[in-house]
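Breakdown of the fold
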Amino acid sequence: MMNLMGIFLIVLALVLHGTTTLSEDVSPPPLVYGYYKETCPFAEEIIRRQVELAVLKDPRMAASLLRLHFHDCFVMGCDASLLLDSSGGIVSEKQAGPNLNSLRGFEVIDDIKYYLEESCPCTVSCADILAIAARDAVHLRGGPRWEVLLGRRDSLEASLSGANQFIPAPNSSLETLIANFDQQGLDVGDLVALSGSHTIGKARCLSFRQRVYDVNFFEQHYDRYKRYTTFRRILRSICPESGKDQRLAPLDLLTPARFDNHYFHNLLEGKGLLGSDIVLITQDHEGEILKLVLAYASDEKLFFDSFAKSMIKMGNINVLTGDQGEIRRHCRFVNT
């Protein structure tokens, strides 16, 4: 009897050990299409309607919503950590240098979440809201539409230090930009395609002042062509050498509210607003980026296809799924 009991205990131990091992080896489920088809069938319709109303009221909001998704994904992954307000032990990423007095659109996300909670309580994550809203914002301004992979969950924490470290600065060198994107698993092709989002929206004087007034910067990138004086004069009229940091200039002067391929025409003409736009051409010593810029400038559909693919790729950065994180009831706070 003792022998049988001993054998039983050994077998039981092996089974339990095997179960634990299997549990530890199981990866979180991937993102999927149609994730809310059964649990919240009108989720995407609700989001699109609210984005449409916001963009109709303020066309610039399209770029702002797209930027929220970008700034969220580059810090700890696409987990809505950006949306958290400072509370308890959380210090909000909204206080980081690249975000403070710059990001906008949080109220739009709040409204979307409110209507989703009314329709499907505790079902649709804030991280998925950001991804869908970014897609809809682009499409409503004339850009491409793509199917968004869904099933993200929301972070339980924020990273102020990560927001200060990983979000590319508007005066970054090409080398720094490539390194920033590489840290997120994105390549040079993604960098160029996603930079095309600068076809809509506006930037603060603080973000492009160096590009206008730094003599060395200007001579290095422009004076050899002798043809950018007018554009520089326009920017100086908007952005004085000191003060007025919050004054805005469109990232694309000709079609500032339309998502198109005109950004790449601007690059070829030396009319990129930010330093980080300019260096895509001036510091591209191998010519790899120039080939892409020329291709996108001549073929808008090619740009749209590449942009959509890179957005899907970016939207997969370090996502939380399965039982990781949570589904927040309010995007600004973790559940209590």
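This structure is a prediction, so every number in the text was calculated from the model and none was measured.

**Comments concerning the overall build of the protein chain**
When helices and strands are tallied, the protein chain shows 15 helices and two strands. The buried share of the protein chain, taken over its 336 residues, is 49%. Nonlocal contacts in the protein chain, meaning residues at least 24 apart in sequence, comprise 78% of its contacts between residues at least 6 apart. Per element, the accessible surface of the protein chain, about 16500 Å² overall, is 55% carbon and sulfur.

**Thoughts on helix H13 (residues 275-282)**
A turn of α-helix holds 3.6 residues, and therefore any two residues three or four places apart point the same way. In terms of burial, H13 is largely enclosed, as seven of its eight residues are buried. Of all the residues in H13, the buried ones are Gly275, Ser276, Asp277, Ile278, Val279, Leu280 and Thr282.

**Describing unusual backbone geometry**
Phi is positive for Cys122, close to 50°, though the residue is something other than glycine. Topologically, Cys122 is positioned in the loop between helix H4 (106-119) and helix H5 (126-140). Even without being glycine, Asn318 reaches a positive phi, approximately 45°. The topology assignment puts Asn318 in the segment after helix H15 (300-314).

**Details of the side chain of Ser310**
As for its position among the elements, Ser310 is in helix H15. Contact partners of Ser310, with chain neighbours within four places excluded, come to Gly189, Asp190, Ala193 and Leu194.

**Considerations on the packing of aromatic side chains**
According to the stated counting rule, one finds 15 aromatic pairs in the structure shown. In textbook terms, an aromatic cluster arises when at least three aromatic residues are bridged by ring pairs, as seen for Trp146, Phe259, Tyr263, Phe264, Tyr296, Phe303, Phe304 and Phe307. The ring of Phe106 carries the charged tip of Lys94 above its face, separated from the ring centre by 4.3 Å.

**Focus on the pattern of salt bridges**
Tallied over the entire structure, the rule returns 16 salt bridges. Across the pair Asp187 and Lys313 runs a salt bridge whose closest N-O atoms are separated by 3.6 Å. Linking Asp187 in the loop between helix H7 (174-183) and helix H8 (188-195) with Lys313 in helix H15, this pair joins segments that are 126 residues apart in sequence. Accessibility expressed as a relative area gives 33% for Lys313, which makes it partly exposed.

**A closer look at the environment of Asp128**
Along the chain, Asp128 turns up in helix H5. Note: C-alpha distance between Asp128 and Leu150 (22 residues apart in sequence) is 6.2 Å. Excluding residues within four positions of it along the chain, Asp128 makes contact with Tyr36, Leu149, Leu150, Gly151 and Arg152. One polar contact links the side chain of Asp128 to the main-chain amide nitrogen of Gly151, over a distance of 2.9 Å.

**Re the packing of H7 against H8**
Direction vectors running N to C along H7 and H8 enclose 105°, while the axes themselves pass 9 Å from each other. With respect to each other, H7 and H8 are oriented roughly perpendicular. Across the interface between the two elements, Leu174, Leu177, Ile178 and Phe181 from H7 touch Val188, Asp190, Leu191 and Leu194 from H8. Here the contact of H7 with H8 is built from residues that sort into seven nonpolar, no polar and one charged.

**Points about the state of the cysteines**
Taken as a whole and judged by the stated rule, the model has four disulfides. Here the bonded cysteines of the protein chain are numbered in sequence order, and their pairing is 1-4, 2-3, 5-8, 6-7. For Cys122, which is in no disulfide, the shortest distance to another cysteine sulfur is to Cys126 and amounts to 9.6 Å.

**What to know about the UniProt feature "binding site: substrate" (unreviewed entry) in the protein chain**
Annotation from UniProt places "binding site: substrate" (unreviewed entry) at Pro168. Within the secondary structure, Pro168 sits in the loop between helix H6 (160-166) and H7.

**Details of the UniProt feature "active site" (unreviewed entry) in the protein chain**
Sequence positions flagged by UniProt for "active site" (unreviewed entry) are, in local numbering, His71. As for its position among the elements, His71 is in helix H3 (residues 61-73). Other than its neighbours up to four places away in sequence, His71 contacts Leu82, Pro98, Asn99, Leu103 and Ile167.

Parameters at a glance
Residues numbered from 1 in each chain as written. Predicted model: local features only at pLDDT ≥ 70, side-chain atom pairs only at ≥ 80, totals over all residues. Heavy atoms only, no water. Helix = DSSP H or I, 4+ residues; strand = E, 2+ residues; numbered from the N terminus. Buried < 20%, exposed > 50% of the residue type's maximum accessible area, 1.4 Å probe, protein only. Contact = heavy atoms within 4.5 Å. Areas by Shrake-Rupley, 256 points an atom, 1.4 Å probe, with all protein chains shown as cover. Phe/Tyr/Trp six-rings, centres within 6.5 Å; stacked < 30°, edge-to-face > 60°. Lys NZ or Arg CZ within 6 Å of the ring centre and 35° of its normal. Salt bridge = Lys/Arg side-chain N within 4 Å of Asp/Glu carboxyl O. Polar contact = N/O pair within 3.5 Å; in protein donor to acceptor, adjacent residues only side chain to side chain. Axes fitted to C-alpha atoms, helices over the stretch in contact; angles between N-to-C directions. Parallel < 35°, antiparallel > 145°, perpendicular 65-115°, else oblique. Nonpolar A, V, L, I, M, F, W, Y, C, P; charged D, E, K, R; others polar. Disulfide = S-S within 2.5 Å. UniProt positions renumbered as here; feature names shortened; annotations may be inferred.

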